[in-house]
Amino acid sequence: MLDFVQNLIDGLMVGSSYALLALGFTLIFGAMRRLNLSYGPSIMVGVFAGTLVHMQYSAGLIAVAAATMIGSAIATVYVERLCFAAVRSGAAVASMVSSFAVWMQIEEAVTLAFPRRTYAFPALSDAPPIYVGELFFRIEYVVMAIVAALVMLVLYAILNRTRFGLQLRAVSQNPVAARYSGINIPAVTLQAFLLAAVIGAIAGFLIAGTDQQITPRFGLWATIKGLIAMMLGGLGSIPGAILGGLLLGVVEAQSQWYLGTEYRDLMAYLVLFAFLVLRPGGLMGTVAVTQDREAARRL
Amino acid sequence: MASPGTLRIEGLTKRFQALTALEDVDLALESGEALGLIGPNGSGKTTLFNLISGVYPPSAGRISFNGNDITGDPAHRISRRSIGRTFQNLRLFPRMTVYENVRAARHAGAPALSQLWVGRAARRVERDAVMDRLAEVGLADRAEDLAAELPLAGQRRLELARALAAKPTLLLLDEPAGGMTPAETDHMAEIIATHAMPGRSVIVVEHKLDMLSRLCNRLCVLNFGRKIAEGTADAVLRNPDVLEAYLGTEDEQDRHAPVD
């Protein structure tokens with residue numbers, strides 16, 4: 001029982017970073033109803049920018065975090081211009097496929113620029129874990145969970161309290177009405193991508209700072225975690241993205257403890273599979289999926 | 001520059017592959033004028049609205065607004081030139097509150113990133129303005145409900161409030177009383193007359209002729225994409241071409257009489 005609770009706590013804390021990745025996917029999906037497969041690789045560019053600043057100037061954590069955000073934002077704008085703005089009126093699948101192509105391009109470019117593959121990333125904290133009774137808390141995980149919670153609160157405020165958030169929600173709920181209300185959809189979309197880039201960069205910084213190392217495979221890893229968490233929570237749902245991330249973290253932590261590391265990812269995919277079969281709308285199923293199903297039924 | 005709200009349409013044509021939805025239509029609207037647009041289903045009324053508001057560019061012809069050529073401009077730019085519209089099939093933001101629906105249309109033109117932070121005073125001004133629009137359409141007490149929870153008549157009034165919030169000088173109303181009961185229609189006509197028409201030009205598409213002749217001094221009739229009549233309501237509704245387009249010939253009327 002103690003193990004279970006310990007895994008639950010660890011899973012929730014790690015899951016908070018998955019939730020941030022899922023939120024990034026969800027913001028982009030909300031603005032465009034499209035998947036950006038290159039979201040993880042853009043974040044990977046960010047963490048390599050962070051590492052570069054760390055290695056060259058032995059910069060502190062704040063500077064590394066800033067470099068991560070800037071790198072991720074630049075890569076995201078590149079992806080947005082190339083794969084999304086350019087084929088705005090084309091089929092959704094065109095964006096998805098081209099974002100996959102740009103992913104390969106980004107991964108190759110980073111591999112060429114950083115030939116050693118594995119690079120050190122500064123630790124979030126080197127303090128020893130805190131013990132509360134028989135439970136222990138890794139400081140990196142605690143920092144991760146607190147920062148992630150703060151990011152979610154700020155995101156909530158942006159979406160619900162600002163005009164930008166209002167416009168983004170308007171675009172996601174009814175793009176046609178948004179356009180005739182005078183909302184500049186391309187501008188709002190680009191800003192949604194930038195917001196997602198910053199959130200993803202924070203997640204990447206927290207994760208890399210916990211692992212203390214990065215490789216160009218980080219892009220693949222982040223895209224997969226974010227996509228699974230989003231699918232578990234429900235495509236396009238903000239609370240769903242958070243719940244999905246936390247659920248994924250807990251499933252991973254429990255299966256790693258009880259079944260072994262080699263089963264961790266397998267269990268995550270199994271849970272995703274079960275959801276897709278039994279509850280395709282995810283935890284907080286939204287309109288998007290039901291509409292598709294209705295459309296399919298009518299055909 | 002021409003006075004605000006003047007619209008000039010010359011030779012407007014829209015073809016969708018083989019179908020000609022609108023053919024060589026001329027139309028002039030003076031500042032502050034209310035024009036009723038009628039015609040059978042499929043006669044090109046909504047196509048005309050879509051062309052004016054920039055849904056798609058025309059195949060031929062010119063649209064100028066306040067003396068500026070707006071032919072082929074994209075929709076959000078046209079909306080910022082202060083042309084507002086409502087939709088025959090409602091287009092609200094269903095999971096936002098009634099208040100937020102109207103708020104989204106205000107300041108829509110300003111760059112979004114500059115709107116991350118809004119001062120307290122500006123927010124109060126905004127709140128007052130939004131609540132004024134809601135009060136005008138009788139929805140002030142439902143400000144915090146979700147738009148999807150309103151009955152149809154309420155949703156149509158909300159769309160009107162949202163269009164008014166952007167302070168258009170030309171307002172296009174596409175069947176503002178569609179699907180409403182006679183009492184709701186009267187209410188809508190009254191709202192349009194008191195709050196939508198003063199100080200702006202309005203074009204109303206509506207099948208309810210009582211409402212149109214009450215609101216508009218001039219009617220324009222489309223049939224099969226062409227303008228077949230234009231003039232005062234009385235004159236237009238006595239025009240034999242209009243009667244034929246609308247009601248069929250006398251023969252047909254007899255045949256269809258029992259059905260209606």
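Residues numbered from 1 in each chain as written. Chains lettered and ligands numbered in written order. Predicted model: local features only at pLDDT ≥ 70, side-chain atom pairs only at ≥ 80, totals over all residues. Heavy atoms only, no water.

Let us look at the overall build of chain A. Within chain A, the secondary structure is distributed over twelve helices and four strands. Relative to the 2.2 N^0.38 estimate, which gives 19 Å for 299 residues, the radius of gyration of chain A is 19 Å and therefore close to what a compact globule would have. Each principal axis of the C-alpha atoms in chain A carries an extent, and together these give about 55 × 45 × 35 Å. Looking at chain A residue by residue over its 299 residues, the buried ones come to 53%. Put simply, of all contacts in chain A between residues at least 6 apart along the chain, 77% involve residues at least 24 apart. Surface accessibility of chain A: about 13,100 Å² in total, with carbon and sulfur atoms responsible for 69%. For chain A, the separation between the mean place of its 18 positive charges and that of its 14 negative charges on side chains is 16 Å. (Helix = DSSP H or I, 4+ residues; strand = E, 2+ residues; numbered from the N terminus. Rg over C-alpha atoms; globule rule 2.2 N^0.38 Å. Buried < 20%, exposed > 50% of the residue type's maximum accessible area, 1.4 Å probe, protein only. Contact = heavy atoms within 4.5 Å. Areas by Shrake-Rupley, 256 points an atom, 1.4 Å probe, with all protein chains shown as cover. Lys, Arg positive; Asp, Glu negative; His and termini not counted. Charge placed at Lys NZ, Arg CZ, Asp CG, Glu CD.)

Moving on to the pairing of strand S10 (residues 226–231) of chain B. All names here are of chain B. Bridging between strand S9 (residues 218–223) and S10 involves five bridges; their strand directions are antiparallel. The residue of S10 that forms the bridge with Leu219 is Gly231. Here S9 folds back onto S10 in antiparallel fashion, the turn holding two residues, of which Phe224 has a positive phi close to 50°. (Pairing = 2+ DSSP bridges.)

Residue and element names in this part refer to chain B. Relative to strand S2 (residues 19–29), strand S1 (residues 7–16) runs antiparallel, the two being bridged by seven bridges. Along S2, the bridge assignment pairs Lys14 with Leu22. Between the end of S1 and the start of S2, which pair antiparallel, lie two residues, with Gln17 showing a positive phi angle near 45°.

Another aspect to go through is the sheet that holds S2 of chain B. Residues and elements named next belong to chain B. An order of S2-S1-S4-S5 is seen for the four strands of this open sheet, with the pairing classed as antiparallel. Single-partner strands in this sheet number two, and they are S2 and strand S5 (68–69). Those strands touched by helix H1 (residues 45–52) are S1, S2 and strand S4 (60–65), and its axis lies near 115° from that of S1. (Axes fitted to C-alpha atoms, helices over the stretch in contact; angles between N-to-C directions.)

We now examine the environment of Leu215 of chain B. Residue and element names in this part refer to chain B. Summarising the element assignment, Leu215 is placed in helix H7 (residues 209–215). On the basis of relative accessible area, Leu215 is assigned to the buried category, the value being 7%. Taking C-alpha positions, Leu215 is 8.0 Å from Gly36, a pair spaced 179 residues apart along the chain. When near neighbours in sequence (up to four residues on either side) are disregarded, Leu215 contacts Ala34, Ala189, Ile192, Ala193 and Met197.

Now for the confidence of the model for chain A. Confidence along chain A averages 90 in pLDDT terms, with 95% of residues attaining 70 or more. Segment residues 287–299 of chain A is flagged for pLDDT under 50; beyond a separation of four residues in sequence, or across chains, it makes seven contacts in the model. (pLDDT = per-residue confidence, 0-100.)

So, on to the interface of chain B and chain A. On the side of chain A, 24 residues touch chain B, which itself brings 28 residues to the contact. Of the roughly 2,600 Å² buried between chain B and chain A, counting both surfaces, carbon and sulfur atoms make up 57%. Where chain B touches chain A, the interface holds two salt bridges. Its salt-bridge partner being Glu100 of chain B, residue Arg169 of chain A comes within 2.7 Å of it at the nearest N-O pair. If you look at where chain B meets chain A, you find five residue pairs in polar contact (both at pLDDT 80 or more). Contributing elements (two or more residues each) for the side of chain B that touches chain A: helix H2 (75–80) and helix H3 (98–105) of chain B. Residues belonging to the side of chain B that touches chain A are distributed by class as follows: 14 nonpolar, six polar and eight charged. (Buried area = accessible area lost by both parts, 1.4 Å probe. Salt bridge = Lys/Arg side-chain N within 4 Å of Asp/Glu carboxyl O. Polar contact = N/O pair within 3.5 Å; in protein donor to acceptor, adjacent residues only side chain to side chain. Nonpolar A, V, L, I, M, F, W, Y, C, P; charged D, E, K, R; others polar.)

Moving on, we come to the packing of helix H1 (residues 2–32) of chain A against helix H6 (residues 163–173) of chain A. Residue and element names in this part refer to chain A. Viewed as axis vectors pointing N to C, H1 and H6 meet at an angle of 60°, and their least axial separation amounts to 6 Å. In this structure, H1 uses Leu27, Gly30 and Ala31 to contact H6, whose residues at the interface are Leu168, Val171 and Ser172. Of the residues contributing to the contact of H1 with H6, the split by class is four nonpolar, two polar and no charged.

Once that is clear, we can look at the packing of aromatic side chains. Enumeration according to the criterion identifies twelve aromatic pairs over all chains in this entry. Ring centres 5.3 Å apart and planes at 80° place the aromatic pair Phe16 of chain B and Tyr56 of chain B in the edge-to-face group. With Phe16 of chain B in strand S1 and Tyr56 of chain B in the loop between H1 and S4, this pair connects stretches of sequence that are 40 residues apart. You can call Phe16 of chain B partly exposed: its relative accessible area is 32%. Grouping aromatic residues by their ring pairs yields a cluster made of Tyr18, Phe218 and Trp221 of chain A. Seen from the ring of Tyr141 of chain A, Arg138 of chain A lies directly overhead, with NZ or CZ sitting 4.6 Å from the centre. (Phe/Tyr/Trp six-rings, centres within 6.5 Å; stacked < 30°, edge-to-face > 60°. Lys NZ or Arg CZ within 6 Å of the ring centre and 35° of its normal.)

With that settled, consider unusual backbone geometry. Generally, phi is negative for residues other than glycine and the peptide bonds are trans, each holding for most cases. All names here are of chain A. Although it is not a glycine, Arg117 sits at a positive phi angle of roughly 65°. By the secondary structure assignment, Arg117 is in the loop between helix H4 (92–113) and strand S1 (119–120). Even without being glycine, Gln212 reaches a positive phi, approximately 65°. If you trace the backbone, Gln212 turns up in the loop between helix H8 (185–211) and strand S4 (213–214). Judged by relative accessible area, Gln212 falls into the partly exposed class, the value being 37%.

Residues and elements named next belong to chain A. Where nonpolar side chains cluster on the molecular surface, the patch consists of Met1, Phe4, Leu8, Leu12, Trp257, Tyr258, Leu259, Tyr263, Leu266 and Leu270 and spans about 1,000 Å² of accessible area. Put simply, the parts of the chain that give the nonpolar patch at least two residues each are H1, helix H10 (238–258) and helix H11 (261–278). Examined against the element boundaries, Leu270 turns out to sit in helix H11. A relative accessible area of 44% places Leu270 in the partly exposed class. (Patch = residues over 30% accessible without salt bridge, like charges linked within 9 Å, V, L, I, M, F, W, Y side chains within 5 Å.)

This next bit is on the sheet that holds strand S7 (residues 170–174) of chain B. All names here are of chain B. Strand order in the open sheet formed by six strands is S6-S7-S8-S3-S9-S10, and the pairing between neighbours is mixed. Both edges of this open sheet fall to strand S6 (83–85) and S10, since each of them pairs with a single strand only. Sheet twist, expressed as the average angle between the axes of neighbouring strands with direction ignored, equals 20°. Across five bridges, S7 lies against strand S8 (residues 201–205) in parallel orientation. In the strand pairing of S8, Leu170 is matched with Ser201. Contacts between H1 and the sheet are confined to strand S3 (34–38), S6, S7, S8 and S9, with S7 contributing the most and set at about 150° to the helix.

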